[in-house]
Amino acid sequence: MFVKFIRALRPWLPYVEKGCYLCCMLYLVTENVTRPILMTGNSMEPTIKSGDIVVIDILSVYYTKTIKRGDVVVLKNPEKPRNNICKRVMALEGDAVSTNQYIRSGHVWVEGDNCEDSNDSRTFGPVPYGLIMGKVLYKIYPGFCHIELSSER
């Protein structure tokens, strides 16, 4: 019985092997290069609305450290680490955010585009660079578009 089962599967083995390779490649890409994320909340309106799907660039954050002022990033919430938040980088390490406050080394200042409804660095202070998961590159749903990098609100 088992031998018949194996013989019946033999023609399908090349497809199973290719499927396994494809799954491994997709896993590696979504964990290390880029990843789609469903956005919830309205702190980044009008740039990103609740229900939008965005693609984040993981590679540049972890390996080349290329975060600039005005970039929209997805990061772990400093107050609730199981949750992700999406904010715009407003200041980098060494920048002054007020007359007495400078951003420490290894930190960034993030704010939502919707000032009235955003829990951001104005509430929890500068965020460690290590909490940033990736930089938002594109909004792919609804409608494909490149995310505007201007820091004007």
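Note that this is a predicted model, so its numbers are computed, not measured.

About the thresholds
- Residues numbered from 1 in each chain as written.
- Predicted model: local features only at pLDDT ≥ 70, side-chain atom pairs only at ≥ 80, totals over all residues.
- Heavy atoms only, no water.
- Helix = DSSP H or I, 4+ residues; strand = E, 2+ residues; numbered from the N terminus.
- Buried < 20%, exposed > 50% of the residue type's maximum accessible area, 1.4 Å probe, protein only.
- Contact = heavy atoms within 4.5 Å.
- Areas by Shrake-Rupley, 256 points an atom, 1.4 Å probe, with all protein chains shown as cover.
- Lys, Arg positive; Asp, Glu negative; His and termini not counted.
- Charge placed at Lys NZ, Arg CZ, Asp CG, Glu CD.

### Remarks on the overall build of the protein
In step 1: Across its full length, the protein carries four helices and eight strands.
In step 2: Counted from the first residue to the last, the protein has its helices and strands arranged as α-α-β-β-α-β-β-β-α-β-β-β.
In step 3: Along the longest, intermediate and shortest principal axes, the C-alpha atoms of the protein span 80 × 30 × 25 Å.
In step 4: For the protein, the residues scored as buried account for 35% of the 153 residues in total.
In step 5: Counted over contacts in the protein with a minimum sequence separation of 6, partners at least 24 positions apart contribute 50%.
In step 6: As displayed, the protein offers around 9800 Å² of accessible surface, 61% of which is attributable to carbon and sulfur atoms.
In step 7: Once the 19 positive and 16 negative side-chain charges of the protein are each reduced to a mean point, those two points are 12 Å apart.

### Notes on unusual backbone geometry
In terms of backbone geometry, most residues other than glycine have negative phi values and most peptide bonds are trans.
In step 1: With an omega of 10°, the peptide bond between Glu45 and Pro46 qualifies as cis.
In step 2: Structurally, the position occupied by Pro46 is in the loop between β1 (34-38) and β2 (53-57).

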